[in-house]
Every structure is written in structure tokens, then in C-alpha cells.
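# Architecture and fold: a report
As a plain string of letters, each chain reads:
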Amino acid sequence: MVFRVAVIGAGPSGLTSIKACLDEGLEPTCFESSDDMGGLWKFKEVSEPNRASIYRSLTINIWKEMMCYSDFPIPADYPNYMHHSKILKYFRMYAEHFKLLEHIRFQTSVKKVTQRPDFSRTGQWEVVTENKDGLEERHIFEAVICCSGHFNYPNLPLKDFPGIETFEGHYFHSWDYKGPEDMHGKRVVVIGIGNSGGDIAVEGSRVAEQVYLSTRSGAWVIRQVSDNGEPVDRFNSRFVHVLFKVLPMSFLNWLGEKKLNAMYDHAMYGLKPKHRLFSQIPVINDDLPFKILSGSVLIKPNIREIRGSTVVFDDGSAVENVDTIVFATGYNYDFPYLPNNAMYKSGHRVGLYKHVFPPNLEHPTLAIVGFIHSDGAIMPQAEMQARFVARVFAGHKKLPANQAMIKAVEKDTKQIEKSYVVSKLTPLQVDFVEYMDDLAKDIGVRPSLLWLLFTDFPLFKRVFWGPVTAYQYRLMGPGKWIGARKAIFTQLDRMYQPLKTRKLTINQSSTTGRLIKLSLIVMTGGAALYYFHVHNPTTIPILMSKFHLQTV
């Protein structure tokens, strides 16, 4: 029997879901509402309703080695942090290499997904689609994977800003932002200090008269360029993960905050948040501190009210003649094509077993891939989820009973609320390494450190002390990739490769140079002995006499 799987969305999560299904011998059909693949990373000059949108200058804040798929490294000459056009190009190469495009039906929207009348027996779903000509079609599938993302529905909380209806300028959500062209010479208020809010404030400040960045709770801001000029996520290793397990979180927060404040004091810059460093994913922005230091961006508290063109803040300060307000206030999430009874609510979030499977269905034939939030890139996490899902659909992995899954979901919710600052807009956060390892264990692909220690110590060193790249999950088990070991050994080469744009001659130290260094050391040592002898004239003779007696 052919096991047919509907994949909804051809973004990064949809592409890897198609591949995972093919790897397990399933038959995927992907429905993509737009005319191209790439999802969020397909830039369009005009934002389209109910679709993710990005701005013209967007560059990803995840190092390329930490964001690529596990069996398809990003080309060595690609920059370490890639512009959205490069990311889309990489996705095209991935799709072409694994022949995924032939399984995608473009310009086909999914209108409704419902359980078949005989669902309790078959676990099948009916999927209603609509093509670009408005023609509806009904399909029967054995399983469904939803990969439609969670940046499609902008959150515009106008009711939280009294007087917004009196505002005389122009306001819009960051979802509509494409570039700073309309900010020339204007006074701009950006609401929200997430990654988008920070980027828009920085970019707008280059052309605006003045930019004000309003934040309710502040944020910890880290740099992409870390120690020795290397990508900051290059240091996300298993060794560091072990430290987070054995050391008190209060100490780790203190240490991390101390390091960040050594670069720029967050209290002095008006950035210091109410929460501790590791309680929420930090803002990644190398330019924002300088823009604050140069006065191009002024940090302000939350907005109390708006009166015409005047914006009044909680501290009583006011800015007059404001031309533009940008709401970088996050997104709501929704799966409008799914039946309500398919979703299980837990706290603020949609409760999913392993953050993938609804725990309340008779059959585990519906999965959500890519609906995750962590300190790592979505691509390898979505890939791991897709591999897990495909193993379940193919019958190689059996899920627990419904009540056991619901219990696990509620336990996850309590743990998330205990460890992180969560809200209605950000209800979910996981630790990247811990989550990847948890799924990998279920699939049977988690690398065995003990085995590597005794059988392949050079590889062990790179797996334990090196960055936790997705290649590690192709070393063994189902889906093992013969190129995984080499990819791990060459990942730092791919980091250095795009930086080698100017050849330098490294001067080797000559014999003369070494003699000069040795002479300087001897002279310094002699000078130190002379200084000591002048101030303690009897000490050296006494020591020498004792040494002479011992020798005799």
C-alpha cells in the first residue's frame, strides 16, 4: 500500500519534510500557495496577506554551519551570516539535489483539512485545495504534515496604545516593512525590541532625523561577531551544554551578564531588562549599541498614550512631531485549515507531543513541523522533527498512549514556564541541544560520545568541544550519511573560507629574530636579578652557599 502524505508549505520545514518522507519510502505531495519555494525567505516587494514577509536587507543571525541541513553543507564560499537571497539559493540547491521540486504543487492553497468519516479505523484525512484559478479539489491522504510557519499573522495591539486613532502620521507593522526609504528626514518611533525592531531602528536611523526605540521590558543584546572575530554560535558546544547542566543557573546568568556588560553596560544604555540573560532568547544586533552611543537611536520606555503627532511615554517624557510608528510587536499563530478538535491547548500554547504531534488524536497521522522556538536555527530542528515524523508514519517508531502524551505535554508546559519568560505571543521555548538530542534519541541517531571516545577520539573532540552542528546526527543510525564525519572535520574550514579574500604573507620567525628574543629574555632576567641583589644583597650569596654545600 502507498502511504500518501500531504505536506502543507514549501518553506524550509516543508522541503525537509518532503525529503524525510522520501527517505522512508512514503509518497509526499506538497501544496504551496505561492509561485515559488522558500517560504519566509522568498522576498517580495509587497507583503501578501497570510504569508510571512521579510525586509530587503535581512541577513540571518545564525551562523551558516548551525543553520544548514545535516546532509547538505552550505557552500564554503558563502558568507558566515547570509543575506536572504543566499539562503533562498541554498534552498534551491537542496531541493534540486534531492529532487524535491517534482513533489510540489505551486499556487495551490490548502483550504481545509478534516478527518475522514472512517478516521477511527484508517487515520485518513481529506484535504481540500484551491488552485490559482479558484478551482477546488479534494484529496485523500494517509497523513498530513503542517509546515505553514508562525510568522504569517501580524500582532497589531492598537487597543494597548490609547489615542492611536488620533495619530496624524503613518503607522504599520514590521511585517509591512521593506526598507527605510520612507523614513528620510522623519521622526520615527519603533515599538518592540526584538530582532526585527532592533534591525528596523538601526536601518531607519541612517536616514531618519531621529529614531526612538520603545521597549516595555528591555532586552539583553549580544553580538554576532564574538571572540577572535568568530561567529557567536560557533561556541555553542556540548561542553558548554554540560556546564549549563552542572553549574547553578544564577552563576551562569551572572557570568554571561558580566561579559555582555563588559562590552556595553546595559543599564547605562537603557537596555537592561527585567529578566535574567538565559530566561529569554536575547536580541542579536551588532550595530544597535553604537547607534545608541551615537544618539541615532534613543531608548524609551513603553508608550502611555498618543496625542496627535505627540507620543507620551510611561516616564512622562514626550516626543513631538512624530511622523512614523512601526509596530514590531510580534505575530499571532494559527492553523486556520485544521479542525478545532485536532489541537490540544496547554497553557498559552498549542500542546504538542515532542512539540510535533497533537496528543489527543486516535491515530498519530497529523504532525506540525517547524513550530518551535529556541536558541538555534529552525532548519536543523525542523529537519529533526521531519525525520521523527517520517519514522512514525512509516511504522518504525510507536508513540505512547494518548494519556501518556498529554501528561508529557503538560510536564513540558510547566518546565517551559519555570525556565523561561513566556507570553501569549512567545509561549514556547526550548534548549536547542537538549531538544535535538531528545528527538535524535527517539530516532536512533544521537551520537554516542562514549563510543566515539574509545573508537574515534579525533571525532570525539570535535563533537564534544566543537559546535553542535546537524552533521552530528548523521554519523550513525537511520539516515546515516557517509559524508558526516568529513563535514564535521571541515566545518571550521568553511567558516574561514569566505574571509580569505586578501592573501597575506605570514612571516615566519627567523633565526635572528629568535636570538633577539632570547637576548631580551636573558637581559630582562639579568636586570631582575640585579635589582633583587641591590635591594637584598645577602639573599643570593646565602642561597648559593647552601646549593654549594648540598652539592659537596
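Keep in mind it's a predicted model, so treat the numbers as computed, not measured.

Let us now look at the nonpolar core. Residues L15, M67, F91, I145, V190, F357 and F393 are the most contacted members of the largest nonpolar core, which totals 107 residues. The residue makeup of this core includes at least three contributed by each of domain 1 (4–151 + 333–491) and domain 2 (155–331). Not counting the four nearest positions on each side in its chain, F393 is found in contact with F3, V5, L26, A143, V144, I145, F357, P364, T365, L366 and A367. Counting residues in hydrophobic clusters, the runner-up holds 23 residues, among them V110, V113, C146 and L352.

Let's shift gears to the packing of aromatic side chains. The full count for this structure, using the stated rule, is 27 aromatic pairs. Between the NZ or CZ atom of K19 and the centre of the ring of F98, over which it lies, the distance is 4.6 Å. Its guanidinium or amino end placed over the ring of Y78, K86 lies 4.4 Å from that ring's centre, counting from NZ or CZ.

The next subject is the environment of Y171. Tracing the chain through its elements places Y171 in strand β9 (residues 170–173). Judged by relative accessible area, Y171 falls into the partly exposed class, the value being 32%. For the pair Y171 and L452, spaced 281 residues apart in sequence, the C-alpha separation works out to 56 Å.

This next bit is on helix α9 (residues 378–393). If you check α9, its first and last C-alpha atoms are 22 Å apart, about what 16 residues at 1.5 Å a residue would give, namely 22 Å. In terms of burial, α9 is a largely internal element, 15 of the 16 residues being buried. Immediately downstream of α9, the backbone of G395 shows phi near 90°, a positive value.

What counts and what doesn't
Throughout, a residue's number is its position along its own chain's written sequence, starting from 1. This being a predicted model, a pLDDT of at least 70 is required before a residue's local features are given, and a value of 80 or more before pairs of side-chain atoms are given or counted; all residues contribute to the totals for chains, interfaces and linings. Only heavy atoms go into the side-chain values, all of them from the structure, while hydrogens and water stay out. In these notes, a set of buried Ala, Val, Leu, Ile, Met, Phe, Trp, Tyr and Cys residues joined through side-chain atoms within 4.5 Å is what counts as a nonpolar core. The buried label goes to any residue with under 20% of its type's maximum accessible area, the exposed label to any with over 50%, and the partly exposed label to all in between, with areas taken from a 1.4 Å probe on protein chains only. Where each domain begins and ends follows an automated or database-derived domain assignment. Any two residues whose heavy atoms approach within 4.5 Å at even a single point are treated as in contact. Paired rings are identified among Phe, Tyr and Trp, the last through its six-membered ring, by centres lying within 6.5 Å, and are further divided according to the angle between planes into stacked (under 30 degrees), edge-to-face (over 60) and tilted (the rest). Over a ring means this: the NZ of a Lys or the CZ of an Arg is within 6 Å of the ring centre and within 35 degrees of the ring normal. Each helix is a run of H or I in the DSSP string that is no shorter than four residues. Each strand is a run of E no shorter than two, and both are numbered from the N terminus. Helix span, as expected, comes to 1.5 Å for every residue beyond the first.

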